[in-house]
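Observations on the three-dimensional arrangement
Chain residues, written in single-letter form:
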Amino acid sequence: MKKLRFFYPIFILMAVFLFPVLGNSVTETSSPLTSVRGNACIIKDHIVYELIEREYPQKAYYNVCAFFDSQEAFETTREIRIASEIDGTPVRKIETQYKYEFGGEFEYRALFPLSQDISTEKAKVYDLGENTTLKRIVLPNGIKKIGVATFRNLKALEEIRLPQSLVSIGNDAFSNCIALQKIDLPSSLKKLGGGSFAGTGLTELELPAGIKAIPANLCADCIALKKVSLSNRTESIGLYAFFNTNLTSIQLPDSLKAINGYAFKNTALKSIKIPENCELYAGVFRDCKNLKKVVFAKRSGLILLRSDLFYSCSNLKKIKMYSNTSLEIAATALRKCTSLQSFTIPRYAKMLNGPVFADCIQLKKLRILPTNTELLTNNGLFLQTIPDTCRIYVKTAAMKRAVVGAGFTGKVIVKADLK
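Source: prediction; values computed, not measured.

With that settled, consider the nonpolar core. Ranked by internal contacts, the top residues of the largest apolar core, which has 107 residues, are F174, F264, F285 and F310. One finds C41, I43, V48 and A66 within the second-largest nonpolar core, a separate group that totals 5 residues.

Looking now at the layout of surface pockets. Taken as a whole, the second largest pocket holds about 270 Å³ of empty space. Lining the second largest pocket we find 13 residues, and of these K318, K320, M321, T344 and R367 sit closest to its centre. Its residues assigned to classes, the lining of the second largest pocket comprises 6 nonpolar, 3 polar and 4 charged.

As a further point, take the pattern of salt bridges. The full count for this structure, using the stated rule, is 7 salt bridges. Linking E159 and R136 is a salt bridge whose minimum nitrogen-to-oxygen distance equals 3.2 Å. Remark: R136 occurs in strand β10 (residues 136-138) and E159 occurs in strand β12 (residues 159-161); sequence separation between them is 23 residues. Exposure remark for E159: the relative accessible area of 30% places this residue in the partly exposed category. Notably, a salt bridge pairs R286 with D287, separated by 3.5 Å at the nearest N-O pair. Residue D287 is classed as buried on the basis of its relative accessible area, which comes to 16%. Here the residues in one salt-bridge network are E79, R81, R136, E159 and R161, joined through shared partners.

Next up on the list: the pairing of strand β30 (residues 411-414). By the bridge criterion, 4 bridges tie strand β29 (residues 391-394) to β30 in an arrangement that is parallel. Looking at β30, one finds that I392 is bridged to V412. In the classification by handedness, the crossover that spans β29, the intervening helix α4 (residues 397-405) and the parallel β30 is right-handed.

Attention now moves to the sheet that holds strand β19 (residues 258-259). One open sheet holds the 4 strands; their spatial order is β16-β18-β19-β21, and the pairing between them is parallel. In the strand order of this sheet, the two ends are held by β16 (213-214) and β21 (279-280), each with one partner. The pairing of β16 with strand β18 (residues 236-237) spans 2 bridges and is classified as parallel. When the bridges of β18 are listed, A213 appears paired with S236.

So, about the sheet that holds β12. Pairing in this open sheet of 3 strands is parallel, and the strands run β5-β10-β12 from one edge to the other. Across the chains shown, the open sheet's two edge strands, defined by having one partner strand only, are β5 (79-81) and β12. In this sheet, adjacent strand axes meet at a mean angle of 0 degrees when their direction is disregarded. In the sheet, β5 pairs with β10 via 3 bridges, with the strands oriented parallel. Bridging across to β10, I80 finds its partner in I137.

Parameters at a glance
- Residues numbered from 1 in each chain as written.
- Predicted model: local features only at pLDDT ≥ 70, side-chain atom pairs only at ≥ 80, totals over all residues.
- Heavy atoms only, no water.
- Core = buried A, V, L, I, M, F, W, Y, C linked by side-chain atoms within 4.5 Å.
- Buried < 20%, exposed > 50% of the residue type's maximum accessible area, 1.4 Å probe, protein only.
- 1 Å grid on protein atoms, 1.4 Å probe; cavity = no way out; pocket = protein on both sides within 12 Å on 5 of 7 lines; lining within 4 Å.
- Points joined across faces, edges and corners; volume = space filled by probe spheres on them.
- Nonpolar A, V, L, I, M, F, W, Y, C, P; charged D, E, K, R; others polar.
- Salt bridge = Lys/Arg side-chain N within 4 Å of Asp/Glu carboxyl O.
- Helix = DSSP H or I, 4+ residues; strand = E, 2+ residues; numbered from the N terminus.
- Pairing = 2+ DSSP bridges.
- Right-handed = clockwise from strand over helix to strand, strands pointing away.
- Axes fitted to C-alpha atoms, helices over the stretch in contact; angles between N-to-C directions.

All quantities given are derived from atomic positions and should not be read as evidence of function.
The structure is reproduced here in structure tokens:
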């Protein structure tokens, strides 16, 4: 007993210093507890959980802020399973915490191990993207957010299980995961960040109803991607969203209001139907070499074929729109559509900006429905690039004279009942 009395002061001191840490953290651990920025942390099975209390004092939760506590763990891990809670405290977010300055902005990228030295600047950084063994990740129900670039460049990743609690996926979260061929997005998902799946091995993707705005570069450079399913609530498609994919077909919902620039550039689309209220921006279908047919749904508003919209769609043969449509065509909208065989300028055409049919060497039939000769007086330059082998159909003799006067030397046919 006398020997034990000697250690009493030491026990008391240990209790004084350790109680605040243990009180804010958990007791079960396979590695020593530590802290960072005043928040309690636990390292368990090579995964670091950071207790978040400052933002939500009444709703503390754990954030998975790192994966590996050793070089050996980093180089040999094949599967990661995230805990749903620790001693009753839920895990809510998984994201990168290390940041470095790049071009004046902070880019979040690497996951770092926390050690006895709690200074993150001194901790050795493992760039998660350099891991070549990790094939499977399992996230528990309760995770609401996956942060920016969290799983980027995991070249061996083949499978990830996402929980039904997931609400948000950050920019570039899975970009360049070239072995990832399939991912099931939960119905709870409300937000996708730009480039979330860019450069992955995805072959198909179904977007849940909660995703109304498809972000820029979502699946850019997914060269194996063949099928994408949009919900009937989709309202917009972002810049380069499906650029450079093997997408062969896609059904655009009636809810769609805008497709932003180059969204489907260099895809394998064969045909496309544009919804009634959908606006197309520059270069949306540029370099779609397999595209043969485009149909515009009946609409009361203006159809604007912006710059480069169908540029170099070398197999495009037909563009169909209703005769009462209002139309404007930019100078390069149809440039190098070398297989275009027929085209109808609808009744309410407003502007044809310059040589809109340049390089349309297979154009055989052009129907001009307007009867207002001022259309040709102001925009007659487009006629000078039409091959002489093309037959132009007009509704009145006055329009025939205007066409010839504008510089077309081929055959012009007057057809009063032209539709």
